[in-house]
Amino acid sequence: MAMLEISDLHVAFPKGRTGEVEALRGVSLTLEKGQRLGVVGESGAGKSMLAFAILNLIAEPGRVSEGSIVFHGENLLDLSERDIRRIRGNRISMIFQDPMVTLNPVLTIGTQMVETLKAHRRISTAEARRLCIAKLKEVAIPSAEGRLDAYPHELSGGLRQRVVIAIALLTDPELIIADEPTTALDVTIQAEIMALILKLCRENDVALILITHDLGVVAEVTERIMIMYAGVCVETGPTQQIIRTPRHPYSAGLLKALPQFAGRGARLYQIPGSMPPITALPPGCAYHPRCERATGRCSAQIPPLEHGCACFHPLDQTEAAS
Amino acid sequence: MITLKGFIRRFLSDPVAIGAGAVLLLLVLMAALAPFLAPQNPYDLMQLSIMDSEMPPAWHPGGDDRFLLGTDAQGRGVLSTIMYGTGISLLIGIGAVIVQGVLGVTLGLIAGYKGGWIDAFLMRLADIQMSLSTLMIAIIALAIFQAAFDANTYADYALYMLIVIIGVAEWPKFARTVRSSVLGERNKEYVDAARVIGLSQRRIMVTHILPNTLTPVLVISTIQVAEAIMTEAALSFLGLGMPTDRPSLGSLIRSGFEFIFSGSWWITLYPAIVLVVLILALNLMGDWLRDVLNPKLRRGDE
Amino acid sequence: MHIIAFLLRRGVQAVIVMFVISLIGFSIQDNLGDPLRELVGQSVSEEVRDEMRAEMGLDDPFFVQYARFLGRAVQGDLGDSYFFKRPALDVIMDKFPATFELVLGAVIIFLSLSIPGGIYCAIHRDSLITRIIMSASIVGISVPVFLTAIGMVWLFGVELGWLPAFGRGQTVALPWGWETGLLSWDGISHLILPSITLSSIMLPLFIRLIRAEMMEAMSTDYVRFAKAKGLSTARVRYVHAFRNTLLPVVTVGGLMIGTLIAYTILTETVFQWPGMGFLFLEAVNRVDTPLIIAYIIVVGLIFVVVNTLVDFLYTLINPMVKLPGAKA
């Protein structure tokens, strides 16, 4: 049995007096122990929604309206608030996007680390502090001992994200969900932090769901990819296969837009148009207004996800490779 | 920004705004037309008779049809004194806000446009003044004023003193609002353009920046009138405001207070109701104006 | 910024504020009433008056007289009250415990209602109770404090007769001369209505403020992260969100000190509470200039001290701003 199995997940928000709009419209995924999955898409595609839904942290007034999230045979959506807290931050940790706003400005680093351990282990404060220092050393924070009494604003962005990573690793989780963990950082630090996450996941055999809009990063770090568009998964499969031979026109478009895949001196490709907001989705395949291959069928019917691709007119091997 | 048509439509679709607006209109009309509408003229000593004093409202035993809401200790009809008193309260409230506005907008413009030490000085002064509180400043200023002059002089000038003191004490609210919108406007292209074609600083401030800061000024004005009326009422209640022979709502409540315990509750109750309704209507109106004209200030509502 | 530098800076500021206040106090003394008349009455001839004037230093230049005034003020000598024929400062300080206990009672009531109320309205943002509290708070903001006071006196003091509505009741003298009303039921029962009244002005304002700030804090990323760490709901709310709510609340609280002092005058007047505010109004009516000056100076001192304490409290709960003044 897979470690995590999400099937047909729907997340809905109220609209107007009685209506609802769906931010996620039936997403499924499977994750094995120690596996690393990249979830890729433009902002607003529902990636973060998926991450928050796993830990049952969708902000009010949104809610999971359908589907299941099974973690080690247990549907997380059926758990009481008390029981899901035993999993949050313990067996499944999260790393947020912007380390400048992830840590509470009025509490010391030490307080914010120790409270995490104390929420999940019966442990003395002294023992907890010792463990925290060890984790800070593991994420390569210089002079770790002194940092416990520091406040977040006394640390740089890169150091703060290392602290967040250390907090995520404190309880030796089985799965880390990282939501754009490097987007808010300086370009020079991005690669460092990504390498650190990858190294720690490998060493500790931790599974990773990496949420990003950057296919390039995913290609280097993950084993599998899921590409999302307007609240659905449009293509999923092994990373290398999708990078080499994308079948969905949207995946192909994203890849073409990457600088490292464009020829030297060639103009960078851009997918025409923009993703529709979830409140104004076109009928049929949500991507069809931007798609070169769209036909009448695409605007009439929603293509189902078959063999890892949700498209009526997927690219074949030769087209994809070009 | 919002068009006049949109503004009226928003107004007509909001029952709270209609209610507050109607009550305000009613009270203003009542005060403005008091000389024509009021059953008696409470300033005219010839019309008063000590025989009429402390009569209960007309529908109570011992009431008199001439005095619908009863009479006070001097035999003045409570209804008439309320009509005149509302006018005095409104006059002081609006007058004080005009003083605040002129002073605050001018100093706010200067602070925002000039910056530097002038700005730092004015804002520091505003901070100190705000934390001392308007009421405290006014109490002390009026206490000194009252101690320095005899009662007659004091009674003659009380109205102007109240307008000036409440006006001067509250300038920081306007100044801060204007300053922050000036800071927003100062670096916009049209101001640069005006500077490039060589307009004088004063001209740029008055003709270009000022109009763009007026919406927030309008928004806070309504609430400020409510605050000024409340401050005036408190001062008059303490005996530091309007004298009892030219009473505002606050002085009416003061003069009625000592008679509550002898059972003449109406002298206090009716002016108190009018005062609270007036302030509440102004506050509701101010909140509504803020929501309509300045959506940025709204948060956590939707 | 270091603690000593902070205290120094606040000290300088306090001196400036006190300087302005003492200048106001002195100009009142200089212009209100003739000290000579208070001493000798009208019957003395003009020549004798001029002689005495010179003797007393009343012809000296303004700043010489002011320096003399300041020198005495620093030693606690603000002149004798015309009415009480006693040092004005002593008269004021006799009334200080009454005002202090009134404010203390009000602050206790206000804190124990506004914080839970604001938090409740932030967490249950659309519940019926929240809507009732929010509507009531708009009405509450619109009722002047003296009307609340009159209403209290009339309802609980006169109509229902549940609680005493005037004066301080029985007081007990503490060894250091402090007359307290807190040690007898009679004293406490007299305190209830005035302190509820005094707290009622701040209450609606702070419930709204705490609610808005708490709602904002609850929607921040660090609160979400705290939840994602698996912390208990109570810890997320009260340690993570509420700690951040406190900052603006303390700032606004500091701005309200002046208002609070002004409202003690109104409250004391209605309840005939024998405190400093009541005394001050009496002094104004009697044109008891030394007492008026003493009140202004004592209130100024209280204001400066409390403001410094509030700033200090702010730095304790906000690690971001290391002691105010550092930025200016």
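Calculation rules
- Residues numbered from 1 in each chain as written.
- Chains lettered and ligands numbered in written order.
- Predicted model: local features only at pLDDT ≥ 70, side-chain atom pairs only at ≥ 80, totals over all residues.
- Helix = DSSP H or I, 4+ residues; strand = E, 2+ residues; numbered from the N terminus.
- Rg over C-alpha atoms; globule rule 2.2 N^0.38 Å.
- Buried ≥ 20, exposed ≤ 12 C-beta atoms within 10 Å, placed from the backbone.
- Contact = placed C-beta atoms within 7 Å.
- Nonpolar A, V, L, I, M, F, W, Y, C, P; charged D, E, K, R; others polar.
- Pairing = 2+ DSSP bridges.
- Axes fitted to C-alpha atoms, helices over the stretch in contact; angles between N-to-C directions.
- Parallel < 35°, antiparallel > 145°, perpendicular 65-115°, else oblique.
- Core = buried A, V, L, I, M, F, W, Y, C linked by C-beta atoms within 7 Å.
- pLDDT = per-residue confidence, 0-100.
- Left-handed = near helix turned anticlockwise from the far one by under 90°.
- Expected span 1.5 Å × (residues − 1).

Q: How should I be thinking about the overall build of chain A in this particular structure?
A: On a plain count of helices and strands, chain A comes out with 13 helices and 10 strands. Its C-alpha atoms give chain A a radius of gyration of 21 Å, near enough to 20 Å, the size a compact globule of 322 residues would have. Considering only C-alpha atoms, chain A reaches an extent of 65 × 50 × 40 Å along its principal axes. Among the 322 residues that make up chain A, the fraction classed as buried is 43%. Across chain A, the fraction of contacts at a sequence separation of at least 24, relative to all contacts at a separation of at least 6, is 63%.

Q: Is there a simple way to think about the interface of chain C and chain B in this case?
A: You'll often see interface size given as the accessible area lost when the parts meet. Contacts between the two partners involve 33 residues from chain C, matched on the other side by 30 residues from chain B. Looking at the side of chain C that touches chain B, the elements that each hand over two or more residues are helix H1 (3–31), helix H6 (128–141), helix H7 (145–159), helix H8 (185–218), helix H10 (233–255), helix H11 (257–271), helix H12 (276–285) and helix H13 (289–317) of chain C. At eight residues, H11 of chain C tops the list of elements feeding residues into the side of chain C that touches chain B. Split by residue class, the side of chain C that touches chain B holds 25 nonpolar, eight polar and no charged.

Q: Whenever I open this one, the sheet that holds strand S8 (residues 207–212) of chain A confuses me. Can you help?
A: Working definition: the strands of a sheet are paired by backbone hydrogen bonds and lie parallel or antiparallel to each other. Residues and elements named next belong to chain A. An order of S6-S7-S8-S3-S9-S10 is seen for the six strands of this open sheet, with the pairing classed as mixed. Of all the strands in the sheet, the pair left with one neighbour each is strand S6 (92–95) and strand S10 (232–238). Each adjacent strand pair in this sheet contributes to an overall mean axis angle of 15°, direction not counted. Pairing of strand S7 (residues 175–179) with S8 involves five bridges; the strand directions are parallel.

Q: Would you explain the sheet that holds strand S2 (residues 19–31) of chain A in this entry?
A: All names here are of chain A. Pairing is antiparallel across the open sheet formed by four strands, whose spatial order is S2-S1-S4-S5. Only two strands of the sheet have a single neighbouring strand rather than two, namely S2 and strand S5 (74–75). Two elements, strand S1 (residues 4–15) and strand S4 (residues 63–71), share seven bridges in a ladder whose sense is antiparallel. When the bridges of S4 are listed, Ser7 appears paired with Ser68. Those strands touched by helix H1 (residues 47–54) are S1, S2 and S4, and its axis lies near 75° from that of S2.

Q: Please clarify how unusual backbone geometry should be interpreted in this entry.
A: Note: most peptide bonds trans; most residues except glycine with negative phi. All names here are of chain A. For Asp172, which is not a glycine, the phi torsion comes out positive at approximately 50°. Assignment of secondary structure puts Asp172 in the loop between helix H7 (157–169) and S7. On the basis of neighbour counts, which here come to 12 C-beta atoms within 10 Å, the residue Asp172 falls in the exposed class. One non-glycine residue, Glu180, lies in positive phi territory at about 45°. Given 21 C-beta atoms within 10 Å, Glu180 falls into the buried group.

Q: Is there a simple way to explain the interface of chain C and chain A in this structure?
A: With 20 residues of chain C at the contact, the number on the chain A side is 23 residues. Elements with a minimum of two residues in the side of chain C that touches chain A: helix H9 (221–228) and H10 of chain C. Sort the elements by how many residues they give to the side of chain C that touches chain A and H9 of chain C lands first, with seven residues. A breakdown of the residues in the side of chain C that touches chain A according to their chemical character gives eight nonpolar, six polar and six charged.

Q: Help me out: how do you make sense of the environment of Ile211 of chain A in this one?
A: Residues and elements named next belong to chain A. Among the structural elements, Ile211 can be located in strand S8. Owing to 25 C-beta atoms within 10 Å, Ile211 belongs among the buried residues under this scheme. Ile211 sits 100 residues away from Thr111 along the chain, and the two C-alpha atoms are 28 Å apart. Setting aside anything within four residues of it in sequence, one finds Ile211 in contact with Val39, Lys47, Ser48, Ala51, Ala178, Asp179 and Glu180.

Q: I would appreciate a short explanation of the packing of helix H6 (residues 134–148) of chain B against H11 of chain C in the present structure.
A: The angle between the axes and the distance between the axes are what describe a pair of packed helices. Direction vectors running N to C along H6 of chain B and H11 of chain C enclose 50°, while the axes themselves pass 7 Å from each other. Here H11 of chain C runs oblique to H6 of chain B, going by the angle between their axes. Contacts from Leu135, Met136 and Ile139 of chain B of H6 of chain B reach H11 of chain C at Gly258, Thr259, Ile261, Ala262 and Ile265 of chain C. Taken together, the residues of the contact of H6 of chain B with H11 of chain C sort by class into six nonpolar, two polar and no charged.

Q: So what exactly am I meant to see when it comes to the nonpolar core here?
A: Generally speaking, a soluble globular protein has its nonpolar side chains buried in company with each other. With 242 residues, the main nonpolar core has Ile139 of chain B together with Tyr295 of chain C as its most contacted residues. Here this core gets 17 residues from one element, more than from any other, and that element is helix H4 (residues 78–114) of chain B. Once you skip the residues sitting within four places of it in the chain, Ile139 of chain B turns out to touch Leu235, Leu238 and Leu240 of chain B together with Ala262 and Ile265 of chain C.

Q: Explain the confidence of the model for chain C to me, please; I cannot follow it from the model alone.
A: Detail in the predicted coordinates should be disregarded across regions flagged by low pLDDT. All names here are of chain C. A residue-level look at chain C finds 90% of positions with pLDDT of 70 or above and a mean pLDDT of 82. No element of chain C has a lower mean pLDDT than helix H2 (residues 35–40), which averages 57, and none a higher one than H9, which averages 92. Model confidence for the complex: the whole-complex pTM is 0.82, and ipTM, which rates the interface, is 0.89.

Q: Is there a simple way to explain the arrangement of the chains in this structure?
A: Once contacts are tallied for each of the two pairs of chains in contact, the highest total is for chains B and C. A gap remains between chain A and chain B, which never touch, and the nearest two C-alpha atoms on either side lie 11 Å apart.

Q: How should I be thinking about the pairing of S1 of chain A in this particular structure?
A: Side-chain positions along a regular strand alternate between the two faces of the sheet. Residue and element names in this part refer to chain A. Bridge analysis of S1 against S2 gives 10 bridges, and the strand direction is antiparallel. Residue pairing for S2: Pro14 is matched across the bridge by Glu20. Hairpin remark: S1 followed by S2, antiparallel, with three residues in the connecting loop; positive phi at Gly16, about 65°.

Q: What exactly am I supposed to notice about the environment of Ala294 of chain C here?
A: Residue and element names in this part refer to chain C. One can find Ala294 in helix H13. Assessed through the 28 C-beta atoms surrounding it within 10 Å, Ala294 is described here as buried. Spatially, the C-alpha atom of Ala294 lies 35 Å from that of Leu113, the residues being 181 residues apart in sequence.

Q: Teacher, can you tell me more about the packing of H4 of chain B against helix H11 (residues 214–237) of chain B here?
A: Residue and element names in this part refer to chain B. It is at 8 Å that the axes of H4 and H11 come closest, and there the two elements cross at 130°. What the angle tells us is that H4 and H11 run oblique. Pair H4 / H11 crosses with right-handed handedness. Between H4, through Ser89, Ile92, Gly93, Ile94, Ala96, Val97, Gln100, Gly101 and Val105, and H11, the contact on the second element is made entirely by Val217, Ser221, Gln224, Val225, Ala228, Ile229, Glu232 and Ala233. Classifying every residue of the contact of H4 with H11 gives 10 nonpolar, six polar and one charged.

Q: So what exactly am I meant to see when it comes to the pairing of S6 of chain A here?
A: Residue and element names in this part refer to chain A. On S6, burial covers both faces: Ile92 and Met94 on one face and Ser93 and Ile95 on the other are all buried. Inspection of the sheet shows S6 paired to S7 by four bridges, in the parallel sense. Within S7, the position partnered with Met94 by the bridge is Ile177.

Q: Could you clarify how one ought to interpret the confidence of the model for chain A in this entry?
A: Looking at chain A as a whole, the pLDDT averages 87, with 97% of positions reaching at least 70. Within chain A, the element-level pLDDT minimum falls on helix H13 (residues 317–321) of chain A, averaging 65, and the maximum on strand S3 (residues 36–40) of chain A, averaging 93.

Q: Teacher, can you tell me more about helix H4 (residues 62–74) of chain C here?
A: One turn of an α-helix holds 3.6 residues; hence residues three or four places apart share an orientation. For H4 of chain C, built from 13 residues, the straight-helix expectation of 18 Å at 1.5 Å per residue is met to within 8% by its first-to-last C-alpha distance of 18 Å. Note on H4 of chain C: the residue one or two positions beyond its end, Gly76 of chain C, has a positive phi of about 85°.

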